[in-house]
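Listed below are the residues making up each chain.
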Amino acid sequence: MLIWGSRSESKDLGQTETKACPTCEKERPFHLFAQYRLHHIWYLFKWVSQKEYLQLCEVCRRGTAVDKASPLMARAKGAIPAFHRYSWAIIPALIGVAAIFGFMESGDRSARNADLIASPRSGDTYVVDMSKLMRDGDTKFRYGLMRINAVQGANVELALPKVTYNKVTAASKDVGDARQRGADYFSDKSMQVPVADLKQLLDSGAIHSIRR
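Quick look at the structure, then. (Residues numbered from 1 in each chain as written. Predicted model: local features only at pLDDT ≥ 70, side-chain atom pairs only at ≥ 80, totals over all residues. Heavy atoms only, no water.)

Some details on the overall build of the protein
Phase 1: If you tally the helices and strands in the protein, you get six helices and nine strands.
Phase 2: The globule rule puts the C-alpha radius of gyration for 212 residues at 17 Å, and the 33 Å found for the protein is more than 25% above it.
Phase 3: Looking at the protein residue by residue over its 212 residues, the buried ones come to 33%.
Phase 4: Once local pairs closer than 6 in sequence are excluded, the contacts in the protein between residues at least 24 apart make up 59%.
Phase 5: The averaged location of the 22 negative side-chain charges in the protein is 4 Å from the averaged location of its 31 positive side-chain charges. (Helix = DSSP H or I, 4+ residues; strand = E, 2+ residues; numbered from the N terminus. Rg over C-alpha atoms; globule rule 2.2 N^0.38 Å. Buried < 20%, exposed > 50% of the residue type's maximum accessible area, 1.4 Å probe, protein only. Contact = heavy atoms within 4.5 Å. Lys, Arg positive; Asp, Glu negative; His and termini not counted. Charge placed at Lys NZ, Arg CZ, Asp CG, Glu CD.)

This is how it looks when you write it as structure tokens:
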């Protein structure tokens, strides 16, 4: 659930001078205030908008905006907490870290798949795109599992699935599941594939992933 909101913030930066207040009609101390709108997501990721600096009467809180060229602006440096201004940057930072780890994980997975393809074993299970592997594969329910029944010299014998899915994630969930280990998950039919062709099938996306 997304939690977000905003509120007005005001910070007293101290007294600047004493002068006549038109509202109070008396001599009053005037203070410099930083006022801004603070937005947040989940109370953690924050950013600032509608920032302004005002010189206000200590009593009635009336006054005027301070020009950016005013010497008073020297006091404004660092007035708004850095966490209020920059914590929003945590979001792209987290996305960047996740992307880096995802890239590293993808590289590790690709290297492992290449090793498994180069030395197939009986029991290896492939998540496959049937439409790329078989000419008459169903283009809608195209993803399924194929298991190596045996490695026979230069060929592997792959058991065909009885169940296929329209999403690769659905087929991937069956890998290692009790259902996939059942006697009736794979068909009695099988196909012979040259070991030399497995790398090409992996590179083309016909073999999506491998589980040993």
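Structural notes on the sheet that holds strand β7 (residues 155-161)
Phase 1: Sheet architecture is open: five strands sit in the order β8-β7-β6-β5-β9, paired in antiparallel fashion. In the strand order of this sheet, the two ends are held by β8 (186-194) and β9 (207-211), each with one partner. The sheet shows a mean angle of 30 degrees between the axes of neighbouring strands, direction not considered. (Pairing = 2+ DSSP bridges. Axes fitted to C-alpha atoms, helices over the stretch in contact; angles between N-to-C directions.)

Some thoughts on helix α6 (residues 195-204)
Phase 1: Residues of α6 that are buried: L198, L201 and L202. The buried residues of α6 occupy an angular sector of 100 degrees when projected down its axis, which confines them to one face. Exposed side of α6, more than 90 degrees from the buried face: A196, Q200 and D203 are the residues found there.
Phase 2: Downstream of α6 by one or two residues, G205 has phi in the positive range, about 95 degrees. (Arc of directions from axis to C-beta.)

Considering the packing of aromatic side chains
Phase 1: If you walk through the whole model with that rule in mind, you get one aromatic pair.
Phase 2: Seen from their ring centres, Y185 and F186 are 5.0 Å apart, and the 75 degrees between their planes marks the pair as edge-to-face. One exposure class covers both Y185 and F186, and it is buried.
Phase 3: Sitting over the ring of F30, K19 keeps its end group 4.8 Å from the ring centre. (Phe/Tyr/Trp six-rings, centres within 6.5 Å; stacked < 30°, edge-to-face > 60°. Lys NZ or Arg CZ within 6 Å of the ring centre and 35° of its normal.)

Here's the deal with the sheet that holds strand β2 (residues 26-41)
Each strand in a sheet pairs with another by means of backbone hydrogen bonds, the pair being arranged parallel or else antiparallel.
Phase 1: Pairing is antiparallel in the open sheet, where four strands are placed in the order β1-β2-β3-β4. Pairing within the sheet leaves two strands with one partner each, and these edge strands are β1 (4-21) and β4 (63-65). Each strand of the sheet is rotated relative to its neighbour by a mean of 25 degrees, with strand direction disregarded.
Phase 2: Pairing geometry for β1 and β2, over 15 bridges, is antiparallel. Considered in β2, the bridge of D12 is made with F33.

Overview of the nonpolar core
Phase 1: Formed by 18 residues in total, the largest nonpolar core has its most connected members in I117, Y126, M146, L158, L198, L201 and I207.
Phase 2: Secondary structure elements with two or more residues in this core: α2 (90-118), β5 (125-129), α3 (130-133), β6 (143-152), β7, α6 and β9.
Phase 3: Discounting residues that sit within four places of it in the chain, L201 has contacts with L133, V193, A206 and I207.
Phase 4: Listed in part, the twelve residues of the second largest apolar core include L13, L32, M73 and A76. (Core = buried A, V, L, I, M, F, W, Y, C linked by side-chain atoms within 4.5 Å.)

Observations regarding the environment of Y53
Phase 1: With respect to the helices, strands and loops of the structure, Y53 is situated in strand β3 (residues 45-57).
Phase 2: Each C-alpha atom, one on Y53 and one on A76, is 7.9 Å from the other, the two residues being 23 residues apart in sequence.
Phase 3: Non-local contacts of Y53, meaning those with residues more than four positions away in its chain, are made with L13, L32, F33, A34, A65, V66, M73, A76 and I80.

Points about the environment of Y126
Phase 1: Within the secondary structure layout, Y126 lies in strand β5.
Phase 2: Look at Y126 and you get buried, because its relative accessible area is 1%.
Phase 3: Along the chain, Y126 and S172 lie 46 residues apart, while their C-alpha atoms are 9.1 Å from each other.
Phase 4: Beyond its immediate stretch of four places on either side in the chain, Y126 contacts I117, P120, G144, L145, M146, I148, L158, L198, I207, S209 and I210.

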